[in-house]
Amino acid sequence: FFLMIRRPPRSTQGVSSAASDVYKRQVKLVPDLPPNVRDVPKGTIPVVNIHNLGGTILGSSRGGFNDEKIANGIIKHEINHIYAIGGDGTHRGLLQLSKYFKSKKIEITLIGIPKTIDNDMPLLDKTFGFDTAVEVAMWAIQCADVEANSAEYGVGLVKVMGRQAGHIAMHASLANRDVNICLLPEFPFDIYGPKGLMEYIMKRLKERQHCVIVAAEGAADGMRDVKLSQEVRKDPSGNIIPEDIGLFLKKELPLYAKKNHQMDVTFKYIDPSYMLRAAAPNSSDKYLCAMLAEYAVHAAMAGYTNCTVGIMRAYSALIPFDQITQESANLVKYDDRNWQRLLQSTGQPPFLNDESYKPLSLIHI
């Protein structure tokens, strides 16, 4: 959160906090420190150069949302504006908070700023952080390609963020063009069988001696004939934690190749997931972030509330919380032009066996 506190006479002080800490912890944001001050006072953060940094100075959290406690903390600190940065969970929390304030007849301005590098926010063209994530992922793919080509029967796999949406994997693969297989959670596929993923990789290794694979974080959910666990794990926000398809393929693919094709596969697994999120923003994301920040403040000062700012079809827009939270997530669709471009680039089939194919086991632990 970025919060503004009303303090007479007509002065404004900034504080920041993760959602679960609004009623526990605050820090003071200042434009810059005086030249003669060397040590930053405790609880004070100068913001003069934060646009050049990765990560977040505000802090982040999962779970812990309690509308009554958060509202009491906001009222206690005399906060009259709230600018909340986050994805679908943050916006659902904002909607809940707006309803609470309305029921208590409390007038507080709530403005959302969409932020998710997965780029799965509904209705919006793009959220800031996505372009940087794609750029970092592209360099990881280049390293995987070098490793795969450095060994006979070399396989390089890169797993990138994207629990439900595979936009990062798809765009990074399109940008790199060295990718031979791209796996997204949106599209089901088979691991085994004559038309499954394993046999396709074996065929490619025999013909080209190497294979580069990019998989989104949630790609394991698309496996039709293999389940990596019987237990469904969730994070504190209630989101399902996907199983690691990279670790599974790293272990299973060399065994499969040796047993069924007498091939010694060299497998390199690269997981740059948190590098994508921690990287300093590129110029495109800096521009988009600054533009959304200006839109958010202008909207609040113009009297708007209970809405989020975003880019829709290349135009800036204000979207009510109740509208953006009821829309389904922005996922990659099969007829998406970029997905069709990627299929043309990789030449990969759908990895789906005929109905006559019967997997031996659905559990693989």
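Residues numbered from 1 in each chain as written. Predicted model: local features only at pLDDT ≥ 70, side-chain atom pairs only at ≥ 80, totals over all residues. Heavy atoms only, no water.

1. Looking at the packing of helix H1 (residues 67-76) against helix H2 (residues 88-103)
Pairs of packed helices are described in terms of their axes, by the angle between the two and the distance that separates them. Contact geometry of H1 with H2 gives a least axis separation of 10 Å together with a crossing angle of 65 degrees. Looking at the two axes, H1 sits roughly perpendicular to H2. The element H1 and its partner H2 pack so that their crossing is right-handed. For the pair H1 and H2, contact is made by Asp67, Glu68, Ile70, Ala71, Asn72 and Ile74 and by Gln96, Leu97, Tyr100 and Phe101, respectively. Partitioning the contact of H1 with H2 into residue classes produces six nonpolar, two polar and two charged. (Axes fitted to C-alpha atoms, helices over the stretch in contact; angles between N-to-C directions. Helix = DSSP H or I, 4+ residues; strand = E, 2+ residues; numbered from the N terminus. Parallel < 35°, antiparallel > 145°, perpendicular 65-115°, else oblique. Left-handed = near helix turned anticlockwise from the far one by under 90°. Contact = heavy atoms within 4.5 Å. Nonpolar A, V, L, I, M, F, W, Y, C, P; charged D, E, K, R; others polar.)

2. A look at the pairing of strand S11 (residues 307-312)
Along S11, five of the six residues are buried, which leaves the element largely enclosed by surrounding structure. Relative to S11, strand S6 (residues 109-114) runs parallel, the two being bridged by two bridges. By the bridge assignment, Ile111 is partnered in S11 with Cys307. Pairing of S11 with strand S12 (residues 315-320), which is carried by six bridges, proceeds in the antiparallel orientation. Looking across to S12, one finds that Thr308 is bridged to Ile319. Counted along the chain from S11 to the antiparallel partner S12, the turn is two residues long, and its residue Arg313 has a positive phi close to 50 degrees. (Buried < 20%, exposed > 50% of the residue type's maximum accessible area, 1.4 Å probe, protein only. Pairing = 2+ DSSP bridges.)

3. Remarks on the confidence of the model for the protein chain
Model confidence for the protein chain is summarised by a mean pLDDT of 85, while 86% of its residues fall at 70 or above. Looking at the elements of the protein chain, mean pLDDT is at its lowest for strand S2 (residues 11-16), recorded as 46, and at its highest for strand S8 (residues 181-183), recorded as 97. The low-confidence segment residues 7-15, where pLDDT is below 50, has 19 contacts with residues more than four positions distant or belonging to other chains. (pLDDT = per-residue confidence, 0-100.)

4. What to know about the packing of helix H3 (residues 130-149) against helix H4 (residues 167-176)
In the contact formed by H3 and H4, the axes pass within 8 Å of each other and the chain directions differ by 55 degrees. Relative to H4, the element H3 is oriented oblique. When the axes of H3 and H4 are compared, the crossing they make is right-handed. The segment H3 lies against H4, with Phe130, Ala133, Val134, Ala137, Met138, Ile141 and Gln142 engaging His167, Ile168, His171, Ala172, Ser173, Ala175 and Asn176. Classifying every residue of the contact of H3 with H4 by side-chain character gives nine nonpolar, five polar and no charged.

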